[in-house]
Structures are given as C-alpha cells and as structure tokens.
Amino acid sequence: MTVPGAVQTSMPPVVEFRGVTKTFNAGTPKAFTALDDVSFAVEDKPGCGEFIAIVGPSGCGKSTILNLIQGFDDVYPPTAGEVRVRDRRVVGPGRDRGMIFQKYSSFPHRTVLENITFGLELNQGELDLSRPAARELAREWVSRVGLDGHGEKYPHQLSGGQQQRVAIARTLVLKPEIILMDEPFSALDEPTRYEMQRLIMELWNEQETTVFIVTHSIAEAVFLGDEVWVMTPAPGRVGRVFRDRVPRTRGLDPIDVHQDANFKEVVTEIGEAFRELETGDSGA
Ligand code: ADP
C-alpha cells in the first residue's frame, strides 16, 4: 500500500480509495459511519499480483471495503470520496472483479459444472466462447480445484470444503484481475481450512491477480498475505500496515509455516497491534 502523495509508478494503482467515507442510513437517526476518510493505493505488479489480508474488530468496515471495490448496490456509492479500479471510478460490479463469500454461494439447482459455466454463459458475447468450449473450460476448473468425479453433482451433495472449491472455480474461471474474499474459510474446520489455503495459494500463483482477503484469523492473514492491514474499530480506518515483517510463504505448506518460530512471532506482533488499535492504546 502507498499513501497519497507518495511517489507513484507510471501504471495506475489496481485499487485506490481516495478519502472514502461510508455512512449507512445517512441523515436518519440510524446513521452509522462504517468507514471514515479511508485512503490507500494498491500498486499494479504485472506478473506477480499482490495479496492483501485485512483484519480488524467485527463491524469495523472490512466487508464494506470489499463491497465498495466490487460496487455492490447496498453499499454503493460511498458517502464521500472515490473508489477507483485501474484509474476508473467504480460504478458497479464488473467481470474484472470476482467475489468469494463465506457462505456457499453456488446455485443449488445447478450441478458443479453448470455452476462453473454460469458466469461464462452470462458473459458469452464478451468472452467469445462457444458452449462446448465453455463446458471444456469448466471441466478443466473442476480438475484444478480438486473436484474430479464431482462435476455432475449438486451442491447439497458436497461437503463444505468442496462447495467452497466450486465457489473458487466459479470465480476464477472468469479470470478476474481482482479477487475479493470475505471470510471465505471461516465456516470450515481446521484441516479443511489448511487445504483451502494450500489451494488458493497454488491457484493465485498461477493467476497473478490482486487478492483482498478479509479474515478473522491473524495466522491466516500472515500466511496468505503479502501485506496485512489492521483496521481500527468503526468508523474504520487502516490503522497499521505490515509488509516487511510478513514472511514470504508462497509455495510453502501452511502446517509447516504455522509451526515456524518467526511466523508465530509475527502473528503475536500483529495480534498486539490489533489489540492496541481496538482499545485505542496506539498513537496510530
Ligand atoms: P466487518 O466486515 O468489519 O465486520 P462490515 O463492513 O460488514 O464490518 O460492517 C460495518 C458496519 O456497517 C457494521 O456496523 C454493519 O452493521 C454496518 N453495515 C454494513 N452494511 C450495512 C448496510 N447495508 N446497511 C446498514 N448498515 C450496514
């Protein structure tokens, strides 16, 4: 992340917030400011992408940040400021951005393959992809997310982890430049979480996209993130950014990494920053 006024590269930032404030129910007694004057710029890194992990107390506006990048109706537009993606103001959702939620978001009446082809069908004109080609691509993705043999099943016939694999495939098949993940693994048990962390790390290395992940697990943030942002309580701001201290974990196994002494130290350090910001003890 860079702050406004810092030296910029010639490429426009992938995502930029310029003084973004979001007050829900503004002008009513129920008015609530979730984000207050948030500014950041995530630089474009061609060929490698960036993984931003966001942690912070519940209700501090983490999902609101993702929803604003996505351009969802219920948060858009911001009350003040501007959200920009590659130097263009966000005015609504687009195929360049893909969201993966905590809740399994697949269509229950569609098979795994049909769920994965859904977005391809929706964007058929733009993608110039025939039906058989779309089906072939979906089959490839079934395999890439480790669901071989499950393509003809319906979501209710799958475990929670497998359903999240479908959600990942449905999003990544469209090759979004920005992936937004809102607590994607929170509902999963620990071994499944590790499996999903391995998978997302592997796929992300291939895709080279910019990823924002909101998680309540600091260890998950440190494992997945290139940068870990710690937010203040609402009205949320990005209180601290950790980058240099975050260990490089690409290609490493999450279980091994979680046992590493340096990794544990960084998790503790970020946990302390989290608590300081939460209780207002920090000057940040
Ligand atoms: P977090 O993801 O950090 O838990 P959120 O971004 O979901 O927090 O929400 C921040 C605050 O804004 C919360 O108090 C939440 O209740 C409120 N909020 C979020 N979305 C809406 C909405 N569409 N309408 C009204 N209030 C909302």
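The structure under discussion appears in the preceding block.
Nothing here was measured: the structure is a model prediction, and the numbers come from that model.

Chemist: I would appreciate a short explanation of the site of the ligand in the present structure.
Modeler: Around the ligand lies a shell of 13 residues, among which Gly59, Gly61, Lys62, Ser63 and Thr64 are the nearest. Contacts to the ligand include Gly59, whose backbone N or O atom sits 2.7 Å from an oxygen atom. Taking Thr64, its side chain carries an N or O atom lying 2.6 Å from an oxygen atom of the ligand. At the level of secondary structure, the elements contributing two or more residues to the shell around the ligand comprise β2 (32-42) and α1 (62-70).

Chemist: Looking at this structure, I do not really get the sheet that holds strand β4 (residues 80-85). What am I missing?
Modeler: To summarise the sheet geometry, strands pair through backbone hydrogen bonds and adopt either a parallel or an antiparallel arrangement. The four strands lie next to each other as β2-β1-β4-β5, forming an open sheet whose pairing is antiparallel. Both outer strands of the open sheet, β2 and β5 (88-89), are each paired with one neighbouring strand and no more. Contacts from α1 reach β1 (15-24), β2 and β4, with the element oriented near 115° to β1.

Chemist: Would you mind showing me how to read helix α9 (residues 261-279) here?
Modeler: Given 3.6 residues to a turn, an α-helix orients residues that are three or four positions apart in the same direction. For α9, spanning 19 residues, the distance from its first C-alpha to its last is 27 Å, which sits close to the expected 27 Å at 1.5 Å a residue. Restricting attention to buried positions, one finds in α9 the residues Phe263, Val266, Val267, Ile270, Gly271, Ala273, Phe274 and Leu277. Buried positions in α9, seen along its axis, are confined to an arc of 160° and lie on one side of it. Across from the buried face of α9, at angles greater than 90 degrees, the exposed residues are Ala261 and Thr279.

Cut-offs and rules
- Residues numbered from 1 in each chain as written.
- Predicted model: local features only at pLDDT ≥ 70, side-chain atom pairs only at ≥ 80, totals over all residues.
- Heavy atoms only, no water.
- Near = heavy atom within 4 Å.
- Polar contact = N/O pair within 3.5 Å; in protein donor to acceptor, adjacent residues only side chain to side chain.
- Helix = DSSP H or I, 4+ residues; strand = E, 2+ residues; numbered from the N terminus.
- Pairing = 2+ DSSP bridges.
- Contact = heavy atoms within 4.5 Å.
- Axes fitted to C-alpha atoms, helices over the stretch in contact; angles between N-to-C directions.
- Expected span 1.5 Å × (residues − 1).
- Buried < 20%, exposed > 50% of the residue type's maximum accessible area, 1.4 Å probe, protein only.
- Arc of directions from axis to C-beta.

Note that every value here comes from positions in space, so none of it alone points to a role or purpose.
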